[in-house]
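For reference, the chains in residue letters:
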Amino acid sequence: MVGGGGREHAIGWKLHGEGAELVAAPGNPGLAQIAACRQVPVTHIEGLAELARQERVDWTFVGPEGPLAAGLVDRFRDLGLAAFGPTRAAARLEASKRFAKEVMAKAGVSTARATWHTDEPSAKAAARTLGAPVVIKATGLAAGKGVVVAGSIAEADEAIDAMLRSHIHGEAGSEILVEEFMQGEELSVFAITDGTTVLPMLPAQDHKRLLDGDQGPNTGGMGAYAPVSIGGTGLLGDAVELVFKPTLAAMRDAGTPFTGLLYAGLMLTQDGMKVVEFNCRFGDPETQALMPLLNAPLGPLLQSVARGEGLAGVAPPTWRSGAAVCTVLAAAGYPESPVTGAPIVLPPMPEGVFAFHAGTRLGNDGQLEVAGGRVLNVVGTGRNMREALARSTAAGDSVQFNGKQMRRDIGWREMARARTA
Ligand code: AMP
Ligand code: GLY
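None of the values given here were measured: they were computed from a predicted structure.

Q: Sorry, what's going on with helix α8 (residues 153–165) here?
A: Structurally, the α-helix is built with 3.6 residues per turn, so residues lying three or four positions apart point the same way. Between its first and last C-alpha atoms α8 spans 17 Å; for 13 residues at 1.5 Å apiece the expected length is 18 Å, and the two agree. Residues of α8 that are buried include every one of Ala156, Asp157, Ala159, Ile160, Asp161, Ala162, Met163 and Leu164, and no others.

Right, dumping it as structure tokens:
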């Protein structure tokens with residue numbers, strides 16, 4: 001397993017429960033309870049390949065986008081090693097927003113109109129043509145910080161200057177997209193694919209803002225829940241037919257078939273379902289909410305794709321009834337300047353509640369401490385959203401460290417729907 005965040009701990013937990021023996025690089029203190037952790041950074045592809053050989057692993061799961069975009073899967077295949085995830089060329093669906101737009105245009109997949117620019121005057125002119133609100137995006141990977149939803153033309157100009165003149169995202173922002181603003185509710189649909197067959201997972205919803213009521217600054221994600229009822233029972237079928245299948249066909253036609261996990265960020269607008277973005281890997285923290293609900297074995301699906309055996313005839317995974325809520329416990333100062341080093345008191349979790357590690361480490365004295373912005377992901381499961389949220393929040397309250405930040409309203413849209421249903 002390549003990675004060391006909450007997503008990797010949740011998937012590792014699932015695979016371990018199915019009897020898999022795990023080696024994680026670099027892993028984290030949570031994964032260390034179920035896996036042998038080796039201190040190879042996720043960016044060191046040769047080191048990871050060496051590790052996979054030494055440990056004689058059957059196959060490798062890759063969590064984050066960085067190593068996929070850098071060609072980990074290509075290199076592993078060259079060496080005869082099986083790895084789950086897209087090749088470098090296919091990972092461009094996430095690594096280049098311009099490439100993603102071009103594929104969607106060819107595939108006839110509905111998304112916001114956009115133009116791309118390398119100079120400020122043409123970008124600013126495009127923003128004026130669309131009018132505020134307007135969205136400015138760095139085309140490349142910018143650690144989730146490359147998107148500005150500008151409420152005014154002045155704000156759009158500022159974002160354009162920051163990316164094209166001040167190069168705040170470096171090379172990733174040397175080309176930018178000026179994009180039409182879409183109004184609607186967002187959700188995430190993940191599908192495991194061999195390039196043709198699509199096995200969708202339950203829809204989930206991320207909560208990006210720091211504070212309750214979706215207030216405050218944007219973050220890497222403060223929580224997630226599943227399943228999402230908006231869109232009804234037809235939603236997954238629509239996502240498969242209108243988004244996944246045509247996109248995968250366009251990728252095959254281009255000679256760069258996409259295998260692995262395709263993540264569609266969808267917006268349900270008045271004009272129907274539109275793609276906000278693609279990611280080439282499992283989402284974080286949605287995955288943490290999904291894994292405890294997954295009834296079927298995950299390992300065989302991932303392994304078939306990693307080995308190139310294909311998924312034809314394989315049924316989509318089955319899910320437990322009920323709901324799961326993941327609440328992120330974040331460090332003091334997150335997202336601006338997270339304070340690390342605070343000791344963590346982590347009590348045992350009750351039945352049906354899970355504490356997945358994200359930014360934790362063991363200090364010199366063996367004490368668990370804060371190592372990053374998003375520290376722990378507490379997932380509560382229950383018969384319904386209300387129960388899942390109550391368990392997740394209670395678990396979050398039971399964990400202690402200085403300056404802990406957490407939301408108490410993950411899934412509030414779903415709760416509101418349940419009230420009016
Ligand atoms: P992305 O990295 O492309 O997913 O963008 C990050 C976030 O910005 C999304 O999750 C949306 O909330 C918002 N966003 C991106 N593009 C648009 C758009 N065209 N209209 C409205 N909101 C957007
Ligand atoms: N949940 C957002 C992401 O994984 O990119």
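Q: Please explain the packing of helix α6 (residues 97–107) against helix α9 (residues 234–253) as it appears in this structure.
A: Running from N to C, α6 and α9 cross one another at 105°; their axes reach a closest spacing of 9 Å. Relative to α9, the element α6 lies roughly perpendicular. In this structure, α6 contributes Phe99, Val103 and Ala107 to the contact, and α9 contributes Pro246, Thr247, Ala250 and Met251. Classifying every residue of the contact of α6 with α9 by side-chain character gives 6 nonpolar, 1 polar and no charged.

Q: What should I look at first to understand the sheet that holds strand β8 (residues 147–150) in this one?
A: Working definition: the strands of a sheet are paired by backbone hydrogen bonds and lie parallel or antiparallel to each other. Pairing in this open sheet of 4 strands is antiparallel, and the strands run β6-β9-β7-β8 from one edge to the other. Of all strands in the sheet, those bounded by a partner on one side alone are β6 (114–117) and β8. On average, adjacent strands in this sheet sit at an angle of 20° to one another, irrespective of strand direction. As defined by bridge partners, strand β7 (residues 134–138) adjoins strand β9 (residues 176–180) across 5 bridges and the pair is classed as antiparallel. Residue pairing across strands places Ala138 opposite Ile176, the latter belonging to β9. The strands that helix α7 (residues 120–130) touches are β6, β7 and β9; relative to β9, the one it contacts most, it runs at about 5°. Set on the sheet, α8 makes contact with β6, β7, β8 and β9; between it and β7 the angle comes to about 10°.

Q: Sorry if this is basic, but what is going on with the environment of Ser122 here?
A: By the element assignment, Ser122 lies in helix α7. Classification of Ser122 by relative accessible area gives partly exposed; the value is 28%. Spatially, the C-alpha atoms of Ser122 and Leu290 are 42 Å apart, while their sequence positions differ by 168 residues.

Q: I would appreciate a short explanation of the site of ligand 2 in the present structure.
A: Taken together, Asp206, Lys208, Tyr263, Asn279, Arg281, Gly283, Asp284 and Glu286 make up all the residues around ligand 2. Contact between ligand 2 and Tyr263: a nitrogen atom at 3.4 Å from a side-chain N or O atom of the residue. Between ligand 2 and Asn279 there is a distance of 3.5 Å, counted from an oxygen atom to a side-chain nitrogen or oxygen. Coverage of ligand 2 by the protein amounts to 89% of the 190 Å² it exposes when considered alone. Residues belonging to the shell around ligand 2 are distributed by class as follows: 1 nonpolar, 2 polar and 5 charged.

Reading the values: the criteria
Residues numbered from 1 in each chain as written. Chains lettered and ligands numbered in written order. Predicted model: local features only at pLDDT ≥ 70, side-chain atom pairs only at ≥ 80, totals over all residues. Heavy atoms only, no water. Helix = DSSP H or I, 4+ residues; strand = E, 2+ residues; numbered from the N terminus. Expected span 1.5 Å × (residues − 1). Buried < 20%, exposed > 50% of the residue type's maximum accessible area, 1.4 Å probe, protein only. Axes fitted to C-alpha atoms, helices over the stretch in contact; angles between N-to-C directions. Parallel < 35°, antiparallel > 145°, perpendicular 65-115°, else oblique. Contact = heavy atoms within 4.5 Å. Nonpolar A, V, L, I, M, F, W, Y, C, P; charged D, E, K, R; others polar. Pairing = 2+ DSSP bridges. Near = heavy atom within 4 Å. Polar contact = N/O pair within 3.5 Å; in protein donor to acceptor, adjacent residues only side chain to side chain. Areas by Shrake-Rupley, 256 points an atom, 1.4 Å probe, with all protein chains shown as cover.

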